[in-house]
Amino acid sequence: MNRLTHTHRWMLLLGWLLIAITIPTPAPATPWSAFDAPWFVRIGIDEGLPHSVTTAVAQDRDGLIWIGTMGGLVRYDGYRMQRFEADGKDASNLPDSYVRALLALPDGRVLVGTNAGGLAVFEPSTNGFHTYPVGPGGTSDRKIYTLAQGREHDVWIATDRGVDRLDLRTNRIQTVALGAHLAPRNFSVFEDTDGNLWVGNDRGLFERRAGSRSFVRTTTQDPRIATVLDDQIWSIAEDGAGRIWVGSGQSGAAYRDRDGAWHAVPGFTGYDAGARRPTVRALLEVGNGTMWIGTDGAGIIAYRAGDPNTRVYNHDPARASSLPGDTVRGLLEDASGNRWVATDLGVARDDGRARTAFSVLPSPLRPRTLANPNVHGVFVDSHDRIWLGLGMGRIDVIDPDRQHLRHLRLGGSQAHRDVQAFAEDPNGRIWIGSQGMARIDPDTMQVHDAVLPTLDGKPVLTLLRTDPYLLIGTYEGAYRYDFRNGQLTHFEHRADDPHSLASDTVRQIVRVGDEIWYATTRGISIAPNAQADGGFRQLRHRDGDDTSLPQDYVGGIARDAKGRIWVSTFGGLAVIDHYRPGETVRFRTIGQAQGLGSSKVNAVLLDDEDHPWVSVSNGVARIDAVTGRVRNLGMRDGLHIASYIYIAAARADDHLLFGGLGGLTVVRPHVLADHGTSGRLAITAATLNGRALTPGKLPRNGQPLIVDRSGRSLRVDFALLDYHAPRETTYSYRMQGFDSAWTQTPKGTPPAAIYTNLPHGEYTLQLRAQTHGMNARTVATNYPVVVRPLWFETLTFRVAMVLLAIALIVALVHLRTLYLRRQARRLQEEVDARTRDLQAANERLDQLAGTDELSGLYNRRRFLELAEAVRKHAKPGKACIALLDLDRFKQVNDTFGHLVGDDAIRAVAKIMRAHCRADDLAARFGGEELVICLPDSTLEQTLRMAERMRETLAQTCIRHEQDEIIVTVSIGVAALREGESLQQWISRADAALYAAKDAGRNRCEAAP
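Residues numbered from 1 in each chain as written. Predicted model: local features only at pLDDT ≥ 70, side-chain atom pairs only at ≥ 80, totals over all residues. Heavy atoms only, no water.

### Notes on the packing of helix H6 (residues 889-896) against helix H7 (residues 898-915)
So, point 1. Close contact between H6 and H7 brings their axes to 7 Å; oriented N to C, the two are set at 140 degrees. Our classification of the angle between H6 and H7 gives oblique. Mapping the contact onto sequence places Phe-889, Val-892, Asn-893 and Phe-896 in H6 and His-898, Val-900, Gly-901, Ala-904 and Ile-905 in H7.
So, point 2. Of the residues contributing to the contact of H6 with H7, the split by class is 6 nonpolar, 3 polar and no charged. (Axes fitted to C-alpha atoms, helices over the stretch in contact; angles between N-to-C directions. Helix = DSSP H or I, 4+ residues; strand = E, 2+ residues; numbered from the N terminus. Parallel < 35°, antiparallel > 145°, perpendicular 65-115°, else oblique. Contact = heavy atoms within 4.5 Å. Nonpolar A, V, L, I, M, F, W, Y, C, P; charged D, E, K, R; others polar.)

See below:
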């Protein structure tokens, strides 16, 4: 008996050990994880979707994204959408515009399940659809809920009246026998990696084991999970660890591990105190094993197996980066790591690989969000809490380890003022610099306003604790507060003392060794210690000295482990490579010329490897301390806050914090977003001689584009199909053998290459995409282009013409005599001479008739004749008229005489000719009015030319005796409109001219 008991004890202990080993251990929450939310980019009706309610997302073999909606289907390349809708007439169109399910096939086709039209497949070769029958030989019903890829060549189809299997090899559909205990309606179907077939039925979850022919209901002893499994099952998925996840119609979600044990999702399994839960319409495993659970009304619930809690991503009206809507009907992770979410208000996309930086944003509707959008100050206390100084007296305190954020607010006169500086005193209390000084007890978070009455009403810009003192920088100089006795000492700039503070505006105070550096708006003042309030050493900018401070407006200062000092200024990042007190200081500068996005550098922080990271006016950048290479962060890295104007920065462990206009940017220097080589640069649409190619005929992998004999026009739409930050990606193209240089596609326009009247021959179309960010790269691809010759350009025709010419020449040699050749030559010489004289006379007469004698420009008659020709051949918006009028010309004539007025007109004409292109038409329109017609010029290009011409004239002096006369012009510019007459065109330019006059003269105005 004792032996049995002893054996049982050992067996029980072994069982508990096995259970402990197999139960997943919850992963500890990493610091900041609760603040790092996806940044969703919204794509809606404005971008071309046919309906706001999106239902499904898929990516085809070529990398294009397909989006199903309640009003049609689109094919999307990141810039353009090709729409497909049902019209009830053409059998090659969609059978129903309400798309419920999408499945991209390996051969490039796309299966489309509709709400009332059955199953269709998109054929790239025809750019149309083939619809499968309903009934025998087809699907069980017209209403398709789910399409799922099988392990082999099968596609599983869940319909309103059964489950079907499509054999892709034979293109035949067979009905799957379900058995009597299943209801006809099936919402989901899925085949796992072991070959088991799962069916989400109206009566619950059923499984057909591999090799079996019958379905068995899935059961569990846990009543909460049983509620899920017996409910309508709308979605089924398998994660990378082999777990099976199911989502129900009203009971939430659950998952089964590889050992067959079912587990609940915390807070989302079973009924919620009797209340039904939102329907789970989609499941998607994203990075690090997290499952996104897409719900009908509650957004996305993110959960990793074994974790104690879930996270919710839903719509926040205060944040444009949140989900556009809370009803999620489809989820997709594409080949480049983007997560696509189909919602009731469009599609949202999140870049799952943009991990270098993330943003903490303001919102009054969510926890762990800022109380105010503008971060003026950042400070990390001795307990690793982050203090954020915000606008309107707001202070936010972030505890990254506890995933907690608390809002505080100053009172009294500081209630509506910016909070810009923090310091921690020896007792751990936090001193606040705002409109005066405040103090916070970090244990009780009680705020004490106006703790230094002398500073009340004075904006405090910076604080530095250097025991036993607190140094305070303001707009009125600096203050030194003694913690021991409360004594406050003030020192400031004095015009009669070159060794006083360089400026009264003290933006930053930093300890460098034993010295105290005061960063001001007029350079740096260096004190030997904290007690010094005079005798400063000054570091300033010196004109013509590249080794001096690049600009006197100084912000942040940092010293690295090698003794280098990095100084942020409004002239770039200044670096002192070797600094010793008292010795000559030599700076080198890193600015826009070295790659910074802006030379206005606000703050500088150092990472673990002493590489400086800076916030500039338009972003954040990293400088390699060894090579000097500058890498600017972009959207691909997770940077979404673009504007930084404060010295608001601090380091929290291995995270770098930068306060900006719009929120807080948190940088993880040790995590560099790597998008690899995912996403190819491809042609997504092409039109040859006005005829669009079907997707199946677009060139792939170096296949050529053939342009036939008629038209010789080519338009190619292309895109980098990784979908990361398409607004930041720049494109260019070149037709090698035709173009001498690359053509840049205008920023903000979909990338396209357009050619007309290409000569026959063989070319190479080169496409190029340049990404932005820490890992910026250039992606290039080439496509052969063959332009076929016309019949008279063929080699056969040319050879025949050469032979015929030779035969004619031989015949003429035999027929002509020497006398006739001499006579003909003499006669020809006389004719040529007379013709030349006549042509010269005609040209001179024509020139005199069409030229204004005073200015040397065309006269009004000739200009109207030539401008009318331009109008007839120009496209709307591709030609412009600029009408110029000399300002106060009558005053010039009355004061200096008409001869000086003539000189002024000649000067304007000379400047006009200098700025005009060869094809531009410049004329004197009458009196002091002149005019230019610019073919092949947009309104923006013409305005730039007019502005240059106006500035040149404004800087030109006309000398008359001892006087120097400045003449200015007012210019009105109008672009050609559709169907507009020349007179109407000129009248709009004239109206713009009068608007320039009314606005003060010496300016350019564009006609609306």
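Let us keep going from here.
### Observations regarding the UniProt feature "domain: GGDEF" (unreviewed entry) in the chain
So, point 1. Annotation from UniProt places "domain: GGDEF" (unreviewed entry) at residues 877-1008.
So, point 2. In this annotation, residues 877-1008 is assigned 45% helix and 30% strand; the end-to-end C-alpha distance for the span is 12 Å. (UniProt positions renumbered as here; feature names shortened; annotations may be inferred.)

### Comments concerning the UniProt feature "transmembrane region" (unreviewed entry) in the chain
So, point 1. UniProt annotation of "transmembrane region" (unreviewed entry) refers to residues 795-815 when read in the numbering used here.
So, point 2. Spanning residues 795-815, this segment combines 100% helix with 0% strand, and its end C-alpha atoms are found 30 Å apart.

### A word on the pattern of salt bridges
So, point 1. Under the criterion given, the structure shown has 55 salt bridges.
So, point 2. Residue Glu-980 pairs with Arg-988 through a salt bridge whose shortest N-O separation is 2.4 Å.
So, point 3. Exposure remark for Arg-988: the relative accessible area of 14% places this residue in the buried category.
So, point 4. Taken together, the shared-partner salt bridges in this structure form one network comprising Arg-61, Asp-62, Arg-680 and Arg-700. (Salt bridge = Lys/Arg side-chain N within 4 Å of Asp/Glu carboxyl O. Buried < 20%, exposed > 50% of the residue type's maximum accessible area, 1.4 Å probe, protein only.)

### Let's talk about the domain arrangement of the chain
So, point 1. As assigned here, the chain comprises domain 1 (127-360), domain 2 (541-667), domain 3 (692-788) and domain 4 (860-1006).
So, point 2. For domain 2 and domain 4, the distance between their C-alpha centres works out to 46 Å. (Domains from an automatic or database assignment.)

### Structural notes on the sheet that holds strand S3 (residues 65-69)
So, point 1. Within the open sheet, the 4 strands sit side by side as S2-S3-S4-S5. Their pairing is antiparallel. Among the strands making up the open sheet, the edge pair consists of strand S2 (54-59) and strand S5 (81-84). Pairwise comparison of adjacent strand axes, ignoring direction, gives a mean angle of 20 degrees for this sheet.
So, point 2. Both S3 and strand S4 (residues 72-76) contribute to a ladder of 5 bridges, which runs antiparallel. (Pairing = 2+ DSSP bridges.)

### Remarks on H6
Residues spaced three or four apart along an α-helix face the same direction, because each turn holds 3.6 residues.
So, point 1. Listing the buried residues of H6 in full gives Phe-889, Val-892 and Asn-893. Seen along its axis, H6 keeps its buried residues to an arc of 95 degrees; they face one direction. Facing away from the buried surface of H6 by more than 90 degrees, the exposed residues are Lys-890, Asp-894 and Thr-895.
So, point 2. Against the buried residues of H6 lie strand S66 (879-886) and H7.
So, point 3. The first or second residue beyond H6 is Gly-897, which carries a positive phi of 100 degrees. (Arc of directions from axis to C-beta.)

### Section: the sheet that holds strand S13 (residues 172-176)
One key point about sheets: their strands pair by backbone hydrogen bonds, in either a parallel or an antiparallel sense.
So, point 1. Strand order in the open sheet made by the 4 strands is S10-S11-S12-S13, with antiparallel pairing throughout. Only two strands of the sheet have a single neighbouring strand rather than two, namely strand S10 (144-149) and S13. Put simply, the sheet's adjacent strands are angled 25 degrees from each other on average, direction ignored.
So, point 2. As paired strands, S10 and strand S11 (residues 154-159) are joined by 5 bridges and run antiparallel to one another. Counted as the bridge partner of Thr-146 is Ala-158 from S11.

### Re the confidence of the model for the chain
So, point 1. The predicted model of the chain averages 92 in pLDDT, with 96% of residues at 70 or higher.
So, point 2. Across residues 1-28 the pLDDT falls below 50, and counting only partners more than four positions away or on other chains, this stretch makes 7 contacts in the model. (pLDDT = per-residue confidence, 0-100.)

### Looking at the pairing of strand S56 (residues 663-667)
So, point 1. For S56, a buried count of 5 out of 5 residues is recorded, marking the element as mostly surrounded by other parts of the structure.
So, point 2. Where strand S29 (residues 357-360) meets S56, 4 bridges bridge the pair, whose relative direction is antiparallel. By the bridge assignment for S56, Ser-359 is matched with Thr-665.
So, point 3. The sheet contact formed by strand S55 (residues 655-660) and S56 spans 5 bridges and is antiparallel. Each bridged residue has a counterpart across the sheet, and for Gly-659 the counterpart in S56 is Leu-664.

### A word on empty space enclosed by the protein
So, point 1. Applying the stated criterion across every chain, the model contains 2 cavities of 30 Å³ or more.
So, point 2. Its volume calculated, the largest cavity comes out at about 70 Å³.
So, point 3. The wall of the largest cavity is formed by Asp-62, Leu-64, Arg-75, Arg-680, Ala-682, Ile-683, Thr-684, Pro-695, Leu-698, Pro-699, Arg-700 and Leu-721.
So, point 4. Class assignment of the residues belonging to the lining of the largest cavity gives a composition of 7 nonpolar, 1 polar and 4 charged.
So, point 5. Of the pockets and cavities examined, the second largest cavity occupies roughly 30 Å³.
So, point 6. Within the lining of the second largest cavity, the residues separate by chemical class into 5 nonpolar, 3 polar and 1 charged. (1 Å grid on protein atoms, 1.4 Å probe; cavity = no way out; pocket = protein on both sides within 12 Å on 5 of 7 lines; lining within 4 Å. Points joined across faces, edges and corners; volume = space filled by probe spheres on them.)

### Considering the packing of H7 against helix H8 (residues 939-954)
So, point 1. Look at H7 against H8: their axes get within 10 Å of each other, and the N-to-C directions meet at 140 degrees. What the angle tells us is that H7 and H8 run oblique. In the crossing of H7 with H8, the sense of the turn from one axis to the other is right-handed. In contact with Val-908, Ile-911, Met-912 and His-915 of H7, H8 contributes Met-945, Arg-948, Met-949, Thr-952 and Leu-953.
So, point 2. Considered class by class, the residues forming the contact of H7 with H8 number 6 nonpolar, 2 polar and 1 charged. (Left-handed = near helix turned anticlockwise from the far one by under 90°.)

### Examining the nonpolar core
So, point 1. Of all hydrophobic cores here, the largest spans 42 residues; its most connected members are Trp-340 and Val-785.
So, point 2. Taken domain by domain, the makeup of this core includes at least three residues from each of domain 1 (127-360) and domain 3 (692-788).
So, point 3. With near-sequence residues (within four places) excluded, Val-785 lies in contact with Leu-705, Val-707, Leu-714, Met-735, Gly-761, Glu-762, Tyr-763 and Leu-765.
So, point 4. Core analysis: the second largest hydrophobic core is formed by 33 residues, Phe-889, Ala-907, Val-908 and Val-969 among them. (Core = buried A, V, L, I, M, F, W, Y, C linked by side-chain atoms within 4.5 Å.)

### So, H7
So, point 1. For H7, with 18 residues, the first-to-last C-alpha span of 26 Å sits near the 26 Å given by 1.5 Å per residue.
So, point 2. Listed as buried for H7 are Val-900, Gly-901, Ala-904, Ile-905, Ala-907, Val-908, Ala-909, Ile-911 and Met-912. (Expected span 1.5 Å × (residues − 1).)

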